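This is what each chain is made of:
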Amino acid sequence: MELPDRAAPGVEALAGTAADAACALADAAGPAGWNLAAVEDAADALDTIAAALSGIDPEAARLLAAIPAATKALLRHLGQDQDGDADGLAPPSPSPRLPKPRRRGLGPGWQGVQSASAKR
C-alpha cells in the first residue's frame, strides 16, 4: 500500500511529538525507573497509537492486532490485574513443563532416502 505524500493537518507534527516523547521516556526510565502507574500510561499510549495506525488499512490492523493483548499481558505480569481482568477471568497460570519424550533414532543401517537422480 502506498500512503499519500501529505498527512492530514497536524498528524505529522503530532507523530513527531509522540516519537520524541517515546525517546525521552526510554532515555529517562531504564529498567528500574518504572512504577505501575507509568507502565499503565505507557501501555495506554501504545494501545492508542496502535489503534490509530490500524485504521490505515485491514493489513495494518492485522499486523498491529497483537499490541493490545501484549500490553494487557504485561500489566497482568506486573501485578496490575492480580484478581483477574474486567471480564472476571482469572489470570492464566503457567502450564506445567512436561518432560521431553525420549528421541528414537531411525535404526541401525539406515541410509536415508535415495532420490532417482542420486541413484544414477
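Note that residues are indexed from 1 along each chain, following the sequence as it is written. Only residues with pLDDT of 70 or above have their local features reported here, since the model is predicted, and side-chain atom pairs are shown and tallied only from 80 upward, although totals for entire chains, interfaces and linings are computed over all residues. The side-chain numbers reported here are obtained from all heavy atoms of the structure, hydrogens and water having been left aside.

Q: Looking at this model, I keep getting lost on the overall build of the protein. Mind explaining?
A: Counting from the N terminus, the helices are the DSSP runs of H or I reaching at least four residues and the strands are the DSSP runs of E reaching at least two. Scanning the protein from N- to C-terminus turns up five helices and zero strands. Put simply, the protein runs from its N terminus to its C terminus through helices and strands in the order α-α-α-α-α. Using a 1.4 Å probe on the protein chains alone, a residue whose accessible area is under 20% of its type maximum counts as buried, one over 50% counts as exposed, and one in between counts as partly exposed. Counting every position in the protein, which comprises 120 residues, the buried fraction comes to 12%. Two residues qualify as a contact provided that any one of their heavy atoms is within 4.5 Å of a heavy atom in the partner residue. Restricting to contacts in the protein with at least 6 residues of sequence separation, those with at least 24 account for 39%. Accessible surface area values rest on a Shrake-Rupley calculation with a 1.4 Å probe, where residue burial reflects the displayed protein chains alone. As presented, the protein carries roughly 10400 Å² of accessible surface, and 60% of it is formed by carbon and sulfur atoms.

Q: Got a minute to help me understand helix α1 (residues 11-29) in this structure?
A: To estimate how far a helix should extend, the number of its residues minus one is multiplied by 1.5 Å. Between its first and last C-alpha atoms α1 spans 26 Å; for 19 residues at 1.5 Å apiece the expected length is 27 Å, and the two agree. Positive phi shows up at glycine 30, right after α1, with a value of about 65°.

Q: When you look at the side chain of threonine 71 in this model, what are you seeing that I'm missing?
A: By the element assignment, threonine 71 lies in helix α4 (residues 66-77). Exposure remark for threonine 71: the relative accessible area of 6% places this residue in the buried category. For threonine 71, the residues in contact, after removing those within four places along its chain, are Ala43, Leu46 and Asp47.

Q: How do you make sense of the confidence of the model for the protein when you look at a structure like this?
A: Low pLDDT marks stretches whose predicted atomic positions should not be read closely. Confidence scores per residue from the predictor, reported as pLDDT, run from 0 to 100. In this model, the protein carries a mean pLDDT of 79, and residues with pLDDT of at least 70 account for 66%. Taking the mean pLDDT of every element in the protein, the minimum, 62, falls on helix α5 (residues 116-119) and the maximum, 94, on α4. This stretch, residues 83-90, has a pLDDT under 50; its non-local contacts, to residues over four places away or in other chains, come to seven contacts.

Q: Explanation requested: the packing of helix α2 (residues 36-54) against α4 in the structure shown.
A: If you want to describe how two helices pack, look at the angle between their axes and the distance between the axes. Following both chains from N to C, one finds α2 and α4 inclined at 175°, their axes separated by 9 Å at the closest point. Judged by the inter-axis angle, α2 sits roughly antiparallel to α4. Touching Leu36, Val39, Glu40, Ala43, Leu46, Asp47 and Ala50 of α2 are Ile67, Pro68, Thr71, Leu74 and Leu75, all from α4. Three residue categories are used. Nonpolar comprises Ala, Val, Leu, Ile, Met, Phe, Trp, Tyr, Cys and Pro, charged comprises Asp, Glu, Lys and Arg, and polar comprises the others, including Gly. Of the residues in the contact of α2 with α4, the class split is nine nonpolar, one polar and two charged. Convention adopted: a line fitted to C-alpha atoms gives each axis, helices being fitted over their contacting stretch, and angles between N-to-C directions are expressed from 0 to 180 degrees. Oblique is the label for any angle not covered by the other classes, which are roughly parallel (under 35 degrees), roughly antiparallel (over 145) and roughly perpendicular (65 to 115).

Q: Please clarify how the pattern of salt bridges should be interpreted in this entry.
A: Charged atoms that come close allow side chains of opposite charge to pair. Put simply, a salt bridge is a Lys or Arg side-chain nitrogen that is within 4 Å of an Asp or Glu carboxyl oxygen. Throughout the structure, instances matching the rule amount to one salt bridge. Glutamate 59 is the partner of arginine 62 in a salt bridge, and the nearest nitrogen-oxygen pair spans 2.6 Å. Here arginine 62 and its partner glutamate 59 are both found in helix α3 (residues 58-64), three residues apart, which amounts to about one turn of the helix. Judged by relative accessible area, arginine 62 falls into the exposed class, the value being 53%.

Q: Would you take a moment to explain the layout of surface pockets for this structure?
A: Empty pockets left among the atoms are what a rolling probe the size of a water molecule brings to light. We place a 1 Å grid over just the protein atoms. Points where a 1.4 Å probe fits but has no way out form a cavity, open points with protein on both sides within 12 Å along at least 5 of 7 lines form a pocket, and any residue with an atom within 4 Å of a point lines it. Grid points are joined across faces, edges and corners, and a volume is the space filled by probe spheres set on the points. Quantified by volume, the largest pocket comes out at close to 440 Å³. Forming the boundary of the largest pocket are 15 residues, of which Ala7, Val11, Ala15, Leu53 and Ile56 lie nearest the centre. Of all the elements in the fold, those that place two or more residues in the lining of the largest pocket are α1 and α2. The dominant element in the lining of the largest pocket, judged by the number of residues it contributes, is α1, at five residues. Within the lining of the largest pocket, the residues separate by chemical class into 12 nonpolar, no polar and three charged.

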